[in-house]
Amino acid sequence: MENNKINDMEDLSIYNAPGTELRKIQLRMLYILDIVDDICKKHEITYWLSGGTLLGAVLHDGFIPWDDDLDIELMRKDYKKLLKILKKELPENLSVQTPNEWRYNLLFSKVRDKKSEIVEHDEVAKRYKQKGIFIDIVPQEYTYKPVKNIVDFFYGRAYRRIKRGRPFHSLQYFYEYSVALLMWPLATILLYLARLICFITKPEHIMYGYGIGNSPVHNQDYILPTGKIVFEGKKYAAPNDPEKYLKRQYGTYTKYLPVEQRPTHFNQVIFYDE
């Protein structure tokens, strides 16, 4: 693979130098990844580093220095298998959060650390049962963009509004909740119909699971079978051609974002084991 490491004079250690809170967060996420990686190897489950995590692996051999997020992806069949196994085999200090959790309104899962807590400002996230540092586990499906867009509009929107709850919080909430309940049977039919169409026609494009939305359109050829990439000193599963994956996802990806565009997700983290 072509060496795309960025060489310039900017000192990025100001973000995640040893001992900083961000580095503690990154190391806790890395610990979670190691556990999930071991379980996937044990049960022959195929996953791959994705999004900004893969970008960090390519450009920095590890986390993007300002990043407080870690993502892996896997096909829906493996995703469902992994969730069942995680519930049985995760160590006591970790737990899996799935869309089955009441009030959790995302259509992908997280493995969370029980010995930390993210202080959230988002009203929905505040009501989550599990609030520790996490890694995202995102299901992928073979589908077509127009088909996914239709299902996402109905299924994703209805799901999020129903899971948000609080229909008597305001007149707008009541309206959106009521419409979502009425929309749900149609949304469910569209979901199953979309999967039937794709099962028969076998598209080559891979996208986020239905309802997640905002999905890049990837081709299976440069993802599967997966390869390996170095991330924080250890090899993990990755798309077999990370450059094609990143170009499709980000376009130009070998230049640093301007300082004001470097995102973070956590406002404050409390560590209970320090």
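Everything below is about the structure shown above.
What comes next concerns the included structure. None of the values given here were measured: they were computed from a predicted structure. (Residues numbered from 1 in each chain as written. Predicted model: local features only at pLDDT ≥ 70, side-chain atom pairs only at ≥ 80, totals over all residues. Heavy atoms only, no water.)

## Concerning the packing of helix α6 (residues 145-164) against helix α7 (residues 171-201)
Here is step 1 of the chain: Relative orientation of the contacting elements α6 and α7 amounts to 140°, with a least axis distance of 7 Å. Classified by the angle between their axes, α6 and α7 sit oblique to one another. Like other packed secondary-structure pairs, α6 and α7 cross with a definite hand, here left-handed. Where α6 abuts α7, its residues V147, I150, V151, F154, Y155, A158, Y159, R161, I162 and R164 lie against Y173, E176, Y177, A180, L181, M183, W184, L186, A187, L190, L191 and A194.
Here is step 2 of the chain: Here the residues of the contact of α6 with α7 are counted per class, giving 19 nonpolar, no polar and three charged. (Axes fitted to C-alpha atoms, helices over the stretch in contact; angles between N-to-C directions. Helix = DSSP H or I, 4+ residues; strand = E, 2+ residues; numbered from the N terminus. Parallel < 35°, antiparallel > 145°, perpendicular 65-115°, else oblique. Left-handed = near helix turned anticlockwise from the far one by under 90°. Contact = heavy atoms within 4.5 Å. Nonpolar A, V, L, I, M, F, W, Y, C, P; charged D, E, K, R; others polar.)

## So, the pairing of strand β7 (residues 205-208)
Here is step 1 of the chain: Two strands pair when backbone bridges link them, and strand β6 (residues 134-142) and β7 are joined in this way by three bridges, in the antiparallel orientation. For Q140, the partnering residue across the bridge sits in β7 and is Y208.
Here is step 2 of the chain: Direction of pairing for β7 relative to strand β8 (residues 218-219): antiparallel, over a ladder of two bridges. Across the sheet, I206 pairs through a bridge with H218, a residue of β8. (Pairing = 2+ DSSP bridges.)

## Some remarks on the environment of R76
Here is step 1 of the chain: Mapped onto the fold, R76 is located in helix α4 (residues 76-89).
Here is step 2 of the chain: Sequence separation of R76 and V259 is 183 residues, and the distance between their C-alpha atoms is 36 Å.
Here is step 3 of the chain: Beyond its immediate stretch of four places on either side in the chain, R76 contacts Q140, E141 and R195.

## Focus: the environment of P225
Here is step 1 of the chain: Summarising the element assignment, P225 is placed in the loop between β8 and β9 (227-231).
Here is step 2 of the chain: Judged by relative accessible area, which is 66%, P225 ranks as exposed.
Here is step 3 of the chain: A sequence separation of 16 residues divides P225 from D241, and the C-alpha atoms of the two residues are 9.8 Å apart. (Buried < 20%, exposed > 50% of the residue type's maximum accessible area, 1.4 Å probe, protein only.)

## Quick look at the nonpolar core
Note that soluble globular proteins tend to have their nonpolar side chains buried in a common cluster.
Here is step 1 of the chain: L33, V36, Y47, L82, L86, V111 and F231 are the most contacted members of the largest nonpolar core, which has 55 residues in total.
Here is step 2 of the chain: The element that contributes the greatest number of residues to this core is helix α2 (residues 21-42), accounting for nine residues.
Here is step 3 of the chain: Ignoring any residue separated from it by four or fewer positions in sequence, one finds L86 in contact with V36, I39, V96, V111 and I137.
Here is step 4 of the chain: Core analysis: the next-biggest nonpolar cluster, separate from the first, contains 19 residues, V124, V138, V147 and A187 among them. (Core = buried A, V, L, I, M, F, W, Y, C linked by side-chain atoms within 4.5 Å.)

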